[in-house]
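Chain by chain, the residues run as shown.
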Amino acid sequence: MSFKFEEGKMYMMPVVFGPCVTPRQKPEGGRWIYDEPTKTTHYKVVCEVERETLESILPEKYELLSPHVIITFSALRNIAWLQGGGYDIVHVEVPVHFRGEKDDFIAMFEPVLWEDVTDPIITGREQLGYSKIFGFIETMKEENGIARGSIATHDFTFLEMMVNTNEKPEDEETLKKVLCNPKNAGKVHFKYMPRTDAPFTTADACYSVLGPSNWNPPADLDQSDCPPTESIFCRGELTWHRPEWKDAPAQAHILQFLHDMGCKRYIGAQKQVVYSHADVYAQHIVE
């Protein structure tokens, strides 16, 4: 008797052992609605950079909304599908206007993000279309209102962040416009998967996907156990280190770009603590 897919079940490689467990499927099958909310602590720093630099990495149908880059260190804890465990993320985001044949919206484009646990990297790349890669992330640690963290690949630390919650932002008005745009539809990603056939230059998948800001919980879900979001606008700094190819063999081209884009000026920073049951089930293709 040969292996057969079970209809209506989610699979990811290796598929022959049966349906997978992901943030969107329980071990026994069916949508996984978390019994308790996940706690996420974000530290964000916003920089103004050259418009032409950011436009050079935007896919077709994307227009730059403003010449800003948001770097975020996120610590996720109490994750149900990881048995209450957690992991860290470093995000790179750019505000854009997506103008497609069918879809038209404002969102944050995320050209790359790093995580420090393999399982969410795999599920995010395969199911959601996130451009996730691995990094060794030092969780932001806060003392006397000053938080510091860093991220490395192999033994090369390529980014350090400092956020000072005791100080006001350099430009609070612009900071709020960038981070709190009421028209923001969510996060948009550009999914690409190469076809397995030499010379490996054609795509099996090549399209944009949107994770809406407002997720779609079941009607009977009780979210009263989610404390209110905590937020403070403040100041922060980023220190990029430029690798040679030998320092980051698979990521040097990414890190060199991010280092070289520079920072014309700091706009400000934000510390935010969010509680949510969201499972990113509403992720979908946009055209």
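Above this text you will find the structure in question.
Residues numbered from 1 in each chain as written. Predicted model: local features only at pLDDT ≥ 70, side-chain atom pairs only at ≥ 80, totals over all residues. Heavy atoms only, no water.

Some thoughts on the overall build of the protein
We count it as follows: Helix and strand definitions follow DSSP, with helices as H or I runs of at least four residues and strands as E runs of at least two, each counted in order from the N terminus. As a reference, a globule follows 2.2 Å times the number of residues to the power 0.38, and the radius of gyration itself is taken over C-alpha atoms. For the exposure calls, accessible area comes from a 1.4 Å probe over protein chains only, and a residue counts as buried if that area is under 20% of its type's maximum, exposed if over 50%, partly exposed in between. Note on contacts: a residue pair qualifies if any of its non-hydrogen atoms lie within 4.5 Å across the two residues. Shrake-Rupley sampling with a 1.4 Å probe provides the accessible areas, and residues are treated as covered by the protein chains on show and by no other component.
Across its full length, the protein carries four helices and 14 strands. In terms of C-alpha radius of gyration, the protein reaches 19 Å, essentially the compact-globule figure of 19 Å for 287 residues. Projecting the C-alpha coordinates of the protein onto the three principal axes gives extents of approximately 65 × 50 × 45 Å. Relative to its 287 residues, the protein shows a buried fraction of 46%. In the protein, once contacts between residues fewer than 6 apart in sequence are set aside, the share between residues at least 24 apart is 64%. On the protein, roughly 15100 Å² of surface is accessible, and the fraction owed to carbon and sulfur atoms is 51%.

Looking at the packing of aromatic side chains
Rule in force here: Planes of paired rings set the category: under 30 degrees apart is stacked, over 60 is edge-to-face and the rest tilted, where pairs are Phe, Tyr or Trp rings (Trp by its six-membered ring) whose centres lie within 6.5 Å.
This structure, assessed with the given rule, holds eight aromatic pairs. Measuring from ring centre to ring centre gives 5.1 Å for Trp 114 and Phe 158, while their planes differ by 45 degrees; the resulting arrangement is tilted. Here Phe 158 lies in strand β9 (residues 156–164) and Trp 114 lies in strand β5 (residues 104–115), a separation of 44 residues in the sequence. Overall, Trp 114 belongs to the buried group, its relative accessible area being 0%. Judged by its relative accessible area of 1%, Phe 158 falls in the buried class. An aromatic cluster is defined as three or more aromatic residues linked by ring pairs; in this entry it consists of Tyr 62, Phe 98, Phe 105 and Phe 109.

Considerations on a negative patch on the surface
Here is the rule we go by: Grouping into patches uses exposed residues only, defined as over 30% relative accessible area, and leaves out salt-bridged ones; the cut-off is 9 Å for like charges and 5 Å for nonpolar side chains (Val, Leu, Ile, Met, Phe, Trp, Tyr). Salt bridge, as used here, is a side-chain nitrogen of Lys or Arg placed within 4 Å of a carboxyl oxygen of Asp or Glu. The positive count covers Lys and Arg only, the negative count covers Asp and Glu only, and His and the chain ends enter neither. The atoms used to mark charge sites are NZ of Lys, CZ of Arg, CG of Asp and CD of Glu.
A surface patch of negative charge is lined by Asp 35, Glu 36, Asp 222 and Asp 225. In this structure, Asp 35 sits in the segment before β1 (38–48).

So, helix α4 (residues 252–260)
The condition that has to hold: Of all possible arcs, the one meant is that of the directions from the helix axis to the C-beta atoms.
Taken as a whole, α4 has its buried residues at Ala 252, Leu 255 and Leu 258. In an axial view of α4, the angular spread of the buried residues amounts to 135 degrees, which keeps them on one side of the axis.

Let's talk about the pairing of strand β7 (residues 136–143)
What counts, and what does not: At least two bridges found by DSSP between two strands is the condition for calling them paired.
For β7 and strand β8 (residues 146–153), the ladder comprises six bridges, and the chain directions are antiparallel. Pairing of Glu 142 across the sheet is with Ala 147, part of β8.

A few points about the nonpolar core
Formally: Buried Ala, Val, Leu, Ile, Met, Phe, Trp, Tyr and Cys residues that are joined via side-chain atoms within 4.5 Å together make up what is termed a nonpolar core.
Core analysis: the biggest nonpolar cluster contains 43 residues, and Ile 71, Trp 114, Leu 159 and Met 161 have the highest contact counts within it. The residues touching Leu 159, leaving out its near neighbours within four places in the chain, are Ile 71, Phe 73, Val 90, Gly 149, Ser 150, Ile 151, Leu 238, Thr 239, Trp 240 and His 241. With 11 residues, the next largest nonpolar core counts Ile 79, Leu 82, Tyr 87 and Ile 89 among its residues.

Looking at a nonpolar patch on the surface
Taken together, the side chains of Phe 3, Phe 5, Val 16 and Phe 17 present a nonpolar region at the surface, about 470 Å² in accessible area. Relative to the assigned elements, Val 16 resides in the segment before β1. On the basis of relative accessibility, which here comes to 52%, the residue Val 16 falls in the exposed class.

Some remarks on the side chain of Thr 41
Mapping Thr 41 onto the fold places it in strand β1. Apart from the residues within four sequence positions on either side, Thr 41 is in contact with Phe 73, Ser 74, Ala 75, Lys 271, Gln 272 and Val 273.

With respect to the side chain of His 42
Heads up, the condition is: The definition of a polar contact used here is a pair of N or O atoms within 3.5 Å, where within protein one atom must be able to donate a hydrogen and the other to accept one, and adjacent residues in sequence count solely through side-chain atom pairs.
Tracing the sequence through the fold places His 42 in strand β1. Side-chain polar atoms of His 42 contact the side chain of Ser 74, separated by 2.6 Å. With residues near it in sequence (within four places) discarded, His 42 still touches Thr 72, Phe 73, Ser 74, Gln 270, Lys 271, Gln 272 and Val 274.

Focus: the environment of Ile 121
The residue Ile 121 is located in helix α2 (residues 118–128) in this model. The spacing of Ile 121 and Ile 89 is 32 residues in sequence and 10.0 Å in space, taken between C-alpha atoms. With near-sequence residues (within four places) excluded, Ile 121 lies in contact with Glu 115, Lys 132, Ile 133 and Phe 134.

Remarks on the environment of Gly 124
By the secondary structure assignment, Gly 124 is in helix α2. Along the backbone, Gly 124 and Pro 14 are 110 residues apart, and their C-alpha atoms lie at a distance of 16 Å. Ignoring anything within four residues of it in the chain, the contact list for Gly 124 reads Gly 129, Tyr 130 and Lys 132.

Comments concerning the environment of Gly 86
With respect to the helices, strands and loops of the structure, Gly 86 is situated in strand β4 (residues 85–99). Residues Gly 86 and Ser 213, spaced 127 residues apart in sequence, show a C-alpha to C-alpha distance of 22 Å. Discounting residues that sit within four places of it in the chain, Gly 86 has contacts with Leu 76, Arg 77, Ile 79 and Val 117.

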